[in-house]
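Chain residues, written in single-letter form:
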Amino acid sequence: MPQRPPQAVPYVLASPGYLAGGGDWEHLTELLLHGHGWRNVSTIDQHTALASPDGRLHVILNRRADWTWTLHATTPDGQDWAVLLGAHLPVEYITAMVNALLQPPPTGDRAVLDPLRAGGWTEQATSPGASAVSPDGLVHFTEEPAHPSAPRPWRAACTVNGYRWWTATFSTRTPPGIVTAFTRSLASDDPLPRMAIGTPLYGCGPYTRLTPTPHTYEDEQALLKARIADVRSRRVTGPGTATPPPNPIGRTPATRTR
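Here goes a summary of the coordinates provided. Because the structure is predicted, anything quoted here is derived from the model rather than measured.

A look at the environment of Ile94
Move 1: Structurally, Ile94 can be placed in helix H2 (residues 91-102).
Move 2: Ile94 sits 87 residues away from Ala181 along the chain, and the two C-alpha atoms are 9.0 Å apart.
Move 3: Not counting residues up to four positions away in its chain, the partners in contact with Ile94 are Leu28, Trp69, Leu71, Leu85 and Leu89.

Quick notes on helix H4 (residues 176-187)
Move 1: Between its terminal C-alpha atoms H4 stretches 16 Å, which fits the 16 Å expected from twelve residues at 1.5 Å a residue.
Move 2: Among all positions of H4, only Ile178, Val179, Thr180, Ala181, Phe182, Thr183, Ser185, Leu186 and Ala187 are buried.
Move 3: Where H4 is buried, its residues touch strand S6 (80-85), H2, helix H3 (114-118), strand S9 (139-143), strand S10 (154-160) and strand S11 (163-170).

Concerning the pattern of salt bridges
Move 1: Applying the stated criterion to the full structure yields five salt bridges.
Move 2: Here Arg194 makes a salt bridge to Glu92, at a shortest N to O gap of 2.8 Å. One end of the pair, Arg194, is in strand S12 (residues 192-195); the other, Glu92, is in helix H2, with 102 residues separating them in the sequence. Each member of the pair, Arg194 as well as Glu92, carries the same accessibility label: buried.
Move 3: A salt bridge links Asp230 to Arg234, with the shortest nitrogen-to-oxygen separation between them at 3.0 Å. With Asp230 and Arg234 both in helix H5 (residues 217-237) and four residues apart, this pair spans about one turn of that helix.
Move 4: Residue class for Asp230 comes out partly exposed when judged on its relative accessible area of 29%.
Move 5: Relative accessible area serves as the criterion here: at 29%, Arg234 is assigned to the partly exposed category.
Move 6: Connected through salt bridges with shared partners, the residues Asp114, Arg117 and Glu123 form a single ionic network.

As for the sheet that holds strand S7 (residues 122-123)
Move 1: With respect to topology, ten strands assemble into an open sheet ordered S2-S3-S4-S5-S6-S11-S10-S9-S8-S7, the strand pairing being antiparallel. Each end of this open sheet is capped by a strand with a single partner; those strands are strand S2 (39-40) and S7.
Move 2: This element, helix H1 (residues 26-35), spans S2, strand S3 (47-51), strand S4 (57-62) and strand S5 (68-74) of the sheet and lies at about 35 degrees to S3.
Move 3: The sheet strands contacting H2 are S4, S5, S6 and S11, and the helix crosses S5 at an angle near 5 degrees.

The rules behind the values
Residues numbered from 1 in each chain as written. Predicted model: local features only at pLDDT ≥ 70, side-chain atom pairs only at ≥ 80, totals over all residues. Heavy atoms only, no water. Helix = DSSP H or I, 4+ residues; strand = E, 2+ residues; numbered from the N terminus. Contact = heavy atoms within 4.5 Å. Expected span 1.5 Å × (residues − 1). Buried < 20%, exposed > 50% of the residue type's maximum accessible area, 1.4 Å probe, protein only. Salt bridge = Lys/Arg side-chain N within 4 Å of Asp/Glu carboxyl O. Pairing = 2+ DSSP bridges. Axes fitted to C-alpha atoms, helices over the stretch in contact; angles between N-to-C directions.

What follows is the structure, encoded as structure tokens:
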């Protein structure tokens, strides 16, 4: 039986977003390549490695390791930091972190737990560092132990019925703005559009809310092209704020769904 073209595949809106699945990796990679002018520095077929024009920032998608992501950066003073992101973490969350990475550092650090507090997450006082858990109890966000003189790394995990769907680990030198972009995504009530086929994730049905959406493959193609054009325009007219997150009901073509 011939496969249906992507235009014919219906979409749904899935919430909470952290149970929506990974989505399409081109949502981010095409924007970096054709919008921000990053370079493809991949050396093997099993991963996609992109580098910023100055070579200090890297976004890597390792398809050999179950579609995991790595964000890596070298600061002007030569210090490295990295974020390791597991499969099934929404690509929209990763895009939000990359957008924060491309912005100038904020003048003041915002507490990374603030978005979670505002989103009704519960803080826990039993761990050595700060910790918060989602209202449904499926996601834990925790400050990990570290050397007393070093900032503590953060770690998040989404577990449903004993199955670990994704993890996110931030090294000690990860800028607070990057971590806050992640917690802001976690706390967001915006549903994420996904192909109806494969949604919800296995075992997540009792915890996932799905609603139909009229958006189509063509709509998502147009959205991606518009975002790329917007970023190109900003590069020509001068530095400014990073491209805002995509419309919560839009996404790039569904060539790969995790």
